[in-house]
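Secondary and tertiary structure notes
Listed here are the chains, written in short residue letters.
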Amino acid sequence: MHIGHAQQKTDTAAVQKDTLSAAEHPGSQPVRHDSVILVSHDLRLGIDLSRIAMPFLQPGRRDVEASADMQIIPNLYGVVELGYHQMQINKSGLFEYHSHGYFYRIGMDKNILPPDPNHQRHDIAYFGFRLGHAVLQQTVNSYHITDTVWGNVDGSIPQQAVQGFWLEIVAGLKIQIAKYVDLGWSVRGRTLLNHPERKTNVPPYVIPGFGKGSNRQAFDFNYSVFFRIPLFQSHYTIHKKTTSSLKG
Amino acid sequence: MRFRLWTIVCLLMIISACNQDIKICEEPTDVKLTIGFYHKIDSTQYNDTSLSIAYVQTLHQPPVLLVDTSTLQSISVPLNQLADSSGFIIQPDSANVADTILIYYARQQKLLSPGCGFVTFFTIDTIHYTTHHIDSASVVNKSVINIHEEHIRLFY
């Protein structure tokens, strides 16, 4: 009987058994080892704590962001992020601007940390990508243009909808701090795929989930707390070919 | 202690930097029609020239004096943001009768930036003019979004 000792890099992986498909042919090359590992499909729900500071950094701005991720196959996580944004700018004597909107991002994360052999910790270090979409409703309640020759201009612009699409890359950490609680941070680089400013005479000040509407690229930082909800586990078979057989 | 001080200083700098684009206007906000003066040699040749101007004023009542006794190669005048046309009276020194130029356009108010507020951009449609002293005129740039580009050429 031949036993393979293939080690899988997954945070929830536990090698149950390895089989040798070519056991009946000890002299043949190559030999295939099938490793069956246990994968935990925990639903990890997160709240971005860094958004709490936003009203202090930019008065009039409110942001809320939440996320959900789950391991699909070993070390590969599907991620959905949702959020809401609100902005109020009162520029005395010039204009009053109000916007609100929501966004979502979908993508994948690849874990690069080796698994905890005791199946106790759920730490991951990851990199991944997101596709983002935002819808923003913006209104200019009033604006004023001073003109000493022909006369001053006063007006308003009714509510208009603006959309943004972007691609982003992300890297970060999620570290377990309690049995079902993780803390994590991520850094992100984004690039806008469309031109929302071309379809309106009021370029959006902030595109929800992306950043400043005047920029084509944006960088961001998230600091989140996560709550893990164990849902189910599955067995995942890893097919691995080796060039020589192992003898027990 | 020094580390804490630097941390506080850095945080204050980040906080203040976040609102700079709302507080400060860093872009030019002047949007004016620039008219260049040219001397026509024949139907195909011309060169830019300086025009001795007695005055340039708006056509509407009461008139507003825009240029007074100058010799200029070009003038920049504001277009009316409340109407789809503007008229100007150009009185050269060398002529007894002034010329009138009427510019018809479409206009759009646009948020230039949060720090600067709104400006009006114009797209020139047609121009009409008298020919007491002006030989001809042409629109070389229909889009009036700043003060730096020449929009209309007047040939004398």
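Residues numbered from 1 in each chain as written. Chains lettered and ligands numbered in written order. Predicted model: local features only at pLDDT ≥ 70, side-chain atom pairs only at ≥ 80, totals over all residues.

1. Observations regarding the overall build of chain B
A count of helices and strands for chain B gives two helices and eleven strands. Helices (α) and strands (β) of chain B occur, in sequence order from the N terminus, as α-α-β-β-β-β-β-β-β-β-β-β-β. Expressed as a percentage of its 156 residues, the buried residues of chain B come to 19%. (Helix = DSSP H or I, 4+ residues; strand = E, 2+ residues; numbered from the N terminus. Buried ≥ 20, exposed ≤ 12 C-beta atoms within 10 Å, placed from the backbone.)

2. Quick word on the overall build of chain A
Helix and strand counts for chain A stand at one helix and eleven strands. Among the 248 residues that make up chain A, the fraction classed as buried is 31%. Here the analysis covers contacts within chain A between residues at least 6 apart in sequence; of these, 65% occur between residues at least 24 apart. (Contact = placed C-beta atoms within 7 Å.)

3. With respect to the interface of chain A and chain B
At the interface, 18 residues of chain A touch 19 residues of chain B. Among the elements of the structure, strand E4 (76-91), strand E6 (124-145) and strand E7 (153-178) of chain A are those that each provide at least two residues to the side of chain A that touches chain B. Residues belonging to the side of chain A that touches chain B are distributed by class as follows: twelve nonpolar, four polar and two charged. (Nonpolar A, V, L, I, M, F, W, Y, C, P; charged D, E, K, R; others polar.)

4. What to know about the pairing of strand E6 (residues 85-92) of chain B
Residue and element names in this part refer to chain B. Judged by which residues are buried, E6 turns out to be one-sided: Ser 86, Phe 88, Ile 90 and Pro 92 face inward and are buried, whereas Ser 85, Gly 87, Ile 89 and Gln 91, on the alternate face, are not. Sheet topology note: the strand E3 (residues 51-58)/E6 ladder contains five bridges and is antiparallel. Note that in E6 the partner of Thr 58 across the bridge is Phe 88. The pairing of E6 with strand E7 (residues 99-113) spans six bridges and is classified as antiparallel. The residue of E7 that forms the bridge with Gly 87 is Leu 102. A loop of six residues connects E6 with E7, the two strands running antiparallel in sequence. (Pairing = 2+ DSSP bridges.)

5. Section: the confidence of the model for chain A
Residues and elements named next belong to chain A. Per-residue pLDDT for chain A has a mean of 85; in total, 84% of the residues score no lower than 70. Overall, residues 1-27 carries pLDDT values under 50, and its contacts beyond four positions in sequence, including any with other chains, amount to 77 contacts. Here residues 244-248 is modelled with pLDDT under 50, and outside its nearest four sequence neighbours on either side it reaches eleven contacts, counting other chains as well. (pLDDT = per-residue confidence, 0-100.)

6. As for the sheet that holds E7 of chain B
Residue and element names in this part refer to chain B. Read across the open sheet, the six strands follow the order E4-E3-E6-E7-E8-E10; overall the sheet is antiparallel. Looking at the sheet topology across the chains shown, the edges are occupied by strand E4 (65-72) and strand E10 (143-144). Two elements, strand E8 (residues 117-129) and E10, share two bridges in a ladder whose sense is antiparallel. Each residue of the ladder has a partner; that of Phe 122, found in E10, is Val 144.

7. Section: the confidence of the model for chain B
The predicted model of chain B averages 86 in pLDDT, with 88% of residues at 70 or higher. Reported confidence for the predicted complex is 0.82 by ipTM and 0.78 by pTM.

8. Things to note about the nonpolar core
Counting 41 residues, the largest nonpolar core has Phe 95 and Tyr 143 of chain A together with Leu 33, Ile 35, Val 77, Leu 79 and Phe 118 of chain B as the members making the most contacts within it. At five residues, E6 of chain A tops the list of elements feeding residues into this core. Dropping the residues within four chain positions of it, Val 77 of chain B is found in contact with Lys 32, Leu 33, Ile 35, Val 56, Leu 66 and Phe 88 of chain B. (Core = buried A, V, L, I, M, F, W, Y, C linked by C-beta atoms within 7 Å.)

9. Observations regarding unusual backbone geometry
With an omega dihedral of -10°, the bond running from Gln 61 of chain B to Pro 62 of chain B counts as a cis peptide bond. For Pro 62 of chain B, the position within the fold is in the loop between E3 and E4. Non-glycine residue Asn 75 of chain A carries a positive phi angle of around 70°.

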